[in-house]
Amino acid sequence: MIIKNKNLNIIQIADSGQCFRMNRIDEKKYGLVAYDNYIELYQIDRETVEITCSEEEYHQIWKEYFDLDYDYNSIVLHLTNGNDAFLKKAAEYGEGIRILRQEPFEILISFIISQNKNIPSIKCCIERVCEKYGEGKAGYFTFPKPEKLAAATKEDLRKLKLGYRDEYIIKAAQAITNGEINLANLMKCSYEDAAKELKNIRGVGDKVANCISLYGLHHIDAFPVDVWIAKVLKEIYDNRFDVDMYKGYAGIVQQYMFYYMRYLKKV
DNA sequence: TGCCAGGAAGCCG
DNA sequence: CGGCTTCATGGC
């Protein structure tokens, strides 16, 4: 299955810190587990990606997962033609990034795990959780269902090296299974209301609530501020960045910032 | 060894 | 409210 899109670069997406189960196979080839399925993605050229799935599965799952009906090009153009020099370069550099529509529960748990960890370490923890509580398929494990994690004990999770986050995970999963939190409903309301509700979960503060809103509930207005974005806001904007200028797509702007700043600091 | 990582909670003033 | 500490773990 071949996809043509000017703003779909799986290498950039895999390295954008929003998904933790998209892993490099070789330079232009990635494996991805999501929605109980496994696919491989190959970046053929700048605007062409090959996915190892049927056309039917593509329309059923992956077209929506990669948010391919949304026009990222107009946002990139708007930023590259704008008068913000940093965003101009950031959007240019990360033009192939998209905000994925990932499974809300997976994102809830993943970003609880993410706190005070680096990305490789987060991936490692999530993989261990999947191996222990997910369903074993041909060569991979699915992300566990809420019931599985809700029934886990703190001692079991301790063995997975999640640190103090173990009880956060169990309680979050229980909040889902007992209906205290309804992620589908939070997808329909405003991002402010969703974030506020999510912060009632122990271990979910402002940053993680924004990440869940953005990556799990697809509230693209959400603007998570982690250590990297904080660096951008301080070093580039002297803490005077006006997020309201980007209403309706601030989360996408945030993603370009994150990806570009990490690149600048790496090299 | 000390410091940092897509932080949050508890406590203090 | 803003600032400080602690939390568990791995990598450099």
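Computed from a prediction, not measured in an experiment: that's the story for all the values here.

**Student:** For the overall build of chain A, give the residues involved together with the corresponding values.
**Tutor:** Of the regular secondary structure elements, chain A holds 14 helices and five strands. Whereas a compact globule of 267 residues would reach a radius of gyration of roughly 18 Å, chain A reaches 18 Å, a difference of no more than 12%. Projected onto the principal axes, the alpha-carbon positions of chain A cover approximately 50 × 45 × 35 Å. Looking at the 267 residues of chain A, the share that counts as buried comes to 52%. In the form shown here, chain A has an accessible surface area of approximately 12800 Å², with 47% of it arising from carbon and sulfur atoms. Charged side chains in chain A number 37 positive and 39 negative. The centres of these two groups are separated by 6 Å.

**Student:** Outline the protein's contact with DNA strand C, listing residues and values.
**Tutor:** In the vicinity of DNA strand C, the contacting residues are Asn116, Lys161, Gly163, Tyr164 and Arg165. When atoms of DNA strand C within 4 Å of the protein are split into backbone and base, the sugar-phosphate part holds 61%. At a separation of 2.9 Å, a base nitrogen of DNA strand C approaches a polar side-chain atom of asparagine 116. For the surface near DNA strand C, the per-class residue count stands at one nonpolar, two polar and two charged.

**Student:** Give me the domain arrangement of chain A: which residues, what numbers.
**Tutor:** You can read the domains of chain A as domain 1 (2-93) and domain 2 (104-215). At the junction of the two partners, domain 1 supplies ten residues and domain 2 supplies 17 residues. Both faces combined, the contact of domain 1 with domain 2 buries some 1200 Å², and carbon together with sulfur accounts for 56% of it. On the domain 1 side of the contact with domain 2, Phe20, Arg21 and Asp36 bury the most area, a combined 60% of that side's loss. Taken together, the links from domain 1 to domain 2 amount to two salt bridges. Between aspartate 36 and lysine 145 there is a salt bridge; the shortest N-O distance is 3.2 Å. Remark: the boundary between domain 1 and domain 2 carries six residue pairs in polar contact (both at pLDDT 80 or more). Those elements that place two or more of their residues in the side of domain 1 that touches domain 2 are β2 (22-26) and β4 (37-45). Residue composition of the side of domain 1 that touches domain 2, by class: four nonpolar, four polar and two charged.

**Student:** For the packing of aromatic side chains, give the residues involved together with the corresponding values.
**Tutor:** Under the counting rule described, the total for this entry stands at 19 aromatic pairs. Relative to phenylalanine 143, the ring of phenylalanine 105 lies with its centre 6.1 Å away and its plane at 75°, an arrangement referred to as edge-to-face. You can see phenylalanine 105 sitting in helix α5 (residues 104-114) and its partner phenylalanine 143 sitting in the loop between α6 (119-133) and α7 (146-150), a full 38 residues away along the chain. Both residues of the pair, phenylalanine 105 and phenylalanine 143, belong to the buried class. With 6.0 Å between their ring centres and 85° between their planes, tyrosine 246 and tyrosine 249 make a pair best called edge-to-face. A residue is classified by how much of its surface remains accessible, and tyrosine 246, at 6% relative accessible area, is buried. According to the relative accessible area criterion, tyrosine 249 is buried, its value standing at 14%. An aromatic cluster is built from Phe86, Tyr93, Phe223, Tyr237, Phe241, Tyr246, Tyr249, Tyr259, Tyr260 and Tyr263, whose rings are joined through pairwise contacts. The cationic tip of lysine 231 hangs over the ring face of tryptophan 228; the distance from NZ or CZ to the ring centre is 4.1 Å. One residue, arginine 262, lies across the ring of tryptophan 228, its end atom 5.7 Å from the ring centre.

**Student:** Outline a nonpolar patch on the surface, listing residues and values.
**Tutor:** Taken together, the side chains of Ile2, Tyr42 and Ile44 make up a nonpolar region of the molecular surface, amounting to roughly 260 Å² of accessible area. Counting through the fold element by element, tyrosine 42 comes out in strand β4. Classification of tyrosine 42 as partly exposed rests on a relative accessible area of 36%.

**Student:** For the environment of glutamate 40, give the residues involved together with the corresponding values.
**Tutor:** Structurally, glutamate 40 can be placed in strand β4. The exposure class of glutamate 40 is partly exposed, given its relative accessible area of 23%. For the pair formed by glutamate 40 and cysteine 53, sequence separation is 13 residues and the distance between their alpha carbons is 8.3 Å. When near neighbours in sequence (up to four residues on either side) are disregarded, glutamate 40 contacts Ile25, Lys29, Tyr30, Gly31, Glu50, Ile51 and Thr52. For glutamate 40, the side chain forms a polar contact with the side chain of tyrosine 38, separated by 2.9 Å.

Criteria and thresholds
Residues numbered from 1 in each chain as written. Chains lettered and ligands numbered in written order. Predicted model: local features only at pLDDT ≥ 70, side-chain atom pairs only at ≥ 80, totals over all residues. Heavy atoms only, no water. Helix = DSSP H or I, 4+ residues; strand = E, 2+ residues; numbered from the N terminus. Rg over C-alpha atoms; globule rule 2.2 N^0.38 Å. Buried < 20%, exposed > 50% of the residue type's maximum accessible area, 1.4 Å probe, protein only. Areas by Shrake-Rupley, 256 points an atom, 1.4 Å probe, with all protein chains shown as cover. Lys, Arg positive; Asp, Glu negative; His and termini not counted. Charge placed at Lys NZ, Arg CZ, Asp CG, Glu CD. Near = heavy atom within 4 Å. Polar contact = N/O pair within 3.5 Å; in protein donor to acceptor, adjacent residues only side chain to side chain. Nonpolar A, V, L, I, M, F, W, Y, C, P; charged D, E, K, R; others polar. Domains from an automatic or database assignment. Contact = heavy atoms within 4.5 Å. Buried area = accessible area lost by both parts, 1.4 Å probe. Salt bridge = Lys/Arg side-chain N within 4 Å of Asp/Glu carboxyl O. Phe/Tyr/Trp six-rings, centres within 6.5 Å; stacked < 30°, edge-to-face > 60°. Lys NZ or Arg CZ within 6 Å of the ring centre and 35° of its normal. Patch = residues over 30% accessible without salt bridge, like charges linked within 9 Å, V, L, I, M, F, W, Y side chains within 5 Å.

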